[in-house]
Amino acid sequence: MSESGNRVLEHKENILKTTSSMNKNTQAQFNLAISNGVTINYRSNQLENIEHHNDTSLTVTVYNDFKKGSASTNNLSFDSIKQTLDKATNIAINTQKDNCQGLPRESFTTCESQDIGIYFPKQFEIDEVTELTKICETAGFEYDKRISNSEGSSYSQSNSECLILNSQGMYGHFKSTDYSLSCVMLAGDNQAMERDYWYSSTRRYENLESPQEIGKKASSRAISRLNAKTISSRVCPIIFPAEVATSFFNNFLSAINGHAIYKKSSFLLDKLGSEIFPEFITIREDPSIVEGMGTRPFDSDGVLTERKNIINKGILETYLLDTYSARKLNLNCTGNGVLTNILVESSEEQTDNLINLVDEGVIITEMMGSGANLLTGDYSRGAFGYYFKDGQIKYPVTGITVASNLTQMFKNILHVGKDYDIRGNIRTGSILIDKVTIGGT
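Residues numbered from 1 in each chain as written. Predicted model: local features only at pLDDT ≥ 70, side-chain atom pairs only at ≥ 80, totals over all residues. Heavy atoms only, no water.

*Asks:* How do you make sense of the sheet that holds strand β3 (residues 67-73) when you look at a structure like this?
*Replies:* Pairing between the strands of a sheet comes from backbone hydrogen bonds, and it takes one of two forms, parallel or antiparallel. Across the sheet, which stays open at both edges, the six strands sit in the order β3-β2-β1-β4-β5-β6 with antiparallel pairing between neighbours. With one partner strand each, in any of the chains shown, β3 and β6 (192-202) form the two edges of the open sheet. Averaged over neighbouring strand pairs, the angle between their axes works out to 20 degrees when direction is ignored. Docked against the sheet, helix α2 (residues 78-93) engages β1 (26-43), β2 (46-64) and β3, running at close to 150 degrees with respect to β3. (Pairing = 2+ DSSP bridges. Helix = DSSP H or I, 4+ residues; strand = E, 2+ residues; numbered from the N terminus. Axes fitted to C-alpha atoms, helices over the stretch in contact; angles between N-to-C directions. Contact = heavy atoms within 4.5 Å.)

*Asks:* Mind showing me how you'd approach the pairing of β1 here?
*Replies:* Each regular strand displays side chains that alternate between the two surfaces of the sheet. Most of β1 sits inside the fold, with 14 of its 18 residues counted as buried. Pairing geometry for β1 and β2, over 18 bridges, is antiparallel. Within β2, the position partnered with Phe 30 by the bridge is Val 60. Counted along the chain from β1 to the antiparallel partner β2, the turn is two residues long, and its residue Ser 44 has a positive phi close to 55 degrees. Pairing between β1 and strand β4 (residues 147-166): 14 bridges, direction antiparallel. Directly across from Tyr 42, in β4, lies its bridge partner Ser 153. (Buried < 20%, exposed > 50% of the residue type's maximum accessible area, 1.4 Å probe, protein only.)

*Asks:* So what exactly am I meant to see when it comes to the nonpolar core here?
*Replies:* Grouped together as the largest cluster of nonpolar side chains are 48 residues, with contacts concentrated most on Phe 240, Phe 248, Phe 249, Phe 252 and Phe 277. Among the elements that line this core, the one with the most residues is helix α5 (residues 242-255), at seven residues. Look past the residues within four positions of Phe 249 in its chain and what remains in contact with it is Phe 277, Ile 283, Val 344, Ile 413, Ile 426, Thr 428 and Ile 431. Counting 21 residues, the second-largest nonpolar core is a separate cluster that includes Ile 40, Val 129, Ile 147 and Leu 181. (Core = buried A, V, L, I, M, F, W, Y, C linked by side-chain atoms within 4.5 Å.)

*Asks:* Got a minute to help me understand the pairing of strand β12 (residues 360-368) in this structure?
*Replies:* As paired strands, strand β7 (residues 234-240) and β12 are joined by two bridges and run parallel to one another. Paired with Ile 239 across the bridge in β12 is Ile 363. Relative to strand β13 (residues 378-389), β12 runs antiparallel, the two sharing eight bridges. Across the sheet, residue Met 367 finds its bridge partner in β13, namely Ala 383.

*Asks:* Quick question: what am I supposed to make of the sheet that holds strand β16 (residues 426-427) here?
*Replies:* Spatially, the five strands line up as an open sheet ordered β10-β9-β8-β11-β16, and their pairing is mixed. Edge positions in the sheet fall to β10 (315-316) and β16, since each of these pairs with one other strand and no more. Bridging between strand β11 (residues 342-346) and β16 involves two bridges; their strand directions are parallel. Of the residues in β16, the one forming a bridge with Ile 342 is Ile 426.

*Asks:* Is there a simple way to think about helix α3 (residues 126-143) in this case?
*Replies:* Given 3.6 residues per helical turn, the α-helix brings residues three or four places apart onto the same face. Taking 1.5 Å of rise per residue, the 18 residues of α3 would be expected to cover 26 Å, and the 26 Å separating its terminal C-alpha atoms lies within 8% of that figure. Buried-residue contacts for α3 involve β1, β2, β4, β5 (171-189) and α4 (211-224). (Expected span 1.5 Å × (residues − 1).)

*Asks:* So what exactly am I meant to see when it comes to α2 here?
*Replies:* The terminal C-alpha atoms of α2 lie 23 Å apart, and with 16 residues this matches the ideal 22 Å at 1.5 Å per residue to within 8%. Considered for burial, the residues of α2 that qualify are Ser 80, Ile 81, Thr 84, Leu 85, Ala 88, Thr 89 and Ala 92.

*Asks:* I would appreciate a short explanation of unusual backbone geometry in the present structure.
*Replies:* Most peptide bonds are trans, and most residues other than glycine sit at a negative phi. Positive phi, normally seen in glycine, also occurs at Ser 44, with a value near 55 degrees. Tracing the chain through its elements places Ser 44 in the loop between β1 and β2. For Asn 330, which is not a glycine, the phi torsion comes out positive at approximately 55 degrees. Positionally, Asn 330 belongs in the loop between α7 (323-329) and β11. On the accessibility criterion, Asn 330 (71% relative accessible area) is exposed.

*Asks:* Mind showing me how you'd approach the environment of Pro 287 here?
*Replies:* Looking at where Pro 287 falls in the secondary structure, it is placed in the loop between β8 (281-285) and β9 (308-312). It is 9.4 Å that separates the C-alpha atoms of Pro 287 and Lys 308, two residues lying 21 residues apart in sequence.

*Asks:* Looking at this structure, I do not really get the state of the cysteines. What am I missing?
*Replies:* Here a disulfide denotes a covalent bond joining the sulfur atom of one cysteine to the sulfur atom of another. The final tally for this structure, using the stated rule, is zero disulfides. Looking at the unpaired Cys 136, the closest cysteine sulfur is the one in Cys 183, lying at 4.1 Å. By relative accessible area, which is 0% here, Cys 136 ends up buried. With no disulfide of its own, Cys 162 lies 14 Å from the sulfur of Cys 111, the closest cysteine sulfur. (Disulfide = S-S within 2.5 Å.)

This is the structure:
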């Protein structure tokens, strides 16, 4: 990977050369992504496969008299880049004019990012990381005699680079690394079979959870699902563990995306300045967290990312806008051609164990189906979880449906736990939500 930075600079020169023949009324943007790495799968006590990857993708976007065209290539020779630029130009000429199309005019990147705390390259021998997957699966098998099979353990690492530049002087470049280790185990008891998983994902290899713990957690979760029961339909509190709560908050973030807003396809349309969450909740974006999975200095348009409050003490302060949606809405761009690190924070005292805060309810550990209608906010998803009462988990429950409306679910959040999941770009603890309909028998 150390040599790839030089390759990126060489590609930059080839890209710039292609712009010299462009019509003065034409603008172009170039997004280059380069990554290399390896994935190792180990299953049933033997190495299943090793996959090396070395991927390159250049996307050229051309704007000609407010008309847009895009084309891509993985060949970075001068001739190929020139052909791709010509193809994108031809597409732009033959598309419909839109006055909101065009390159960013302000707050865009103009230099290389030196060190943003997400690049920690490490070299391994294949035998060394294969041993990690073996240890992980073996720990899962040894955890309990009810573990009957495995879907394997997987290790992957990737070194990536992102380069962006355009014909108007934009230039940005940064590097990142990703490491992950996962395990999927199967448990059997009384002719029932259940599967579950666990994983660790981080920017720095040394911060990966130990392979033994990952294997044990995968097995423990699989065993805990055995002999699940059904429950009667009811309205009760539910708990989304942190890893499930991330998808719940992703529904909110999708509803305030600029494209959903200008298309009028969001239940949060015209809600700026309105109370969406309880007062104790603040949701921030911070694109500069060291080792953050969403950390990046600029978005897909090249606009500089920025720290901001999205929800401030329950109040919606901003939509998430890229260059195009900002122009459609006549608002300022927020640098959200991508989402960076999202932090869900609580001003109340937080606890590790939310089941002690209510008499009874259901912990939802798995969701099935998309189930969230962003136009109306209606929420209905199949689920698996655990019934709890008096601070104790009683038994697993299956065949249930979680049904409500996101507007009410947001307002009915009672607590945010302090067990934050930092494996993705949405950082939240478990959440306790009151008065949710559980559809059962």
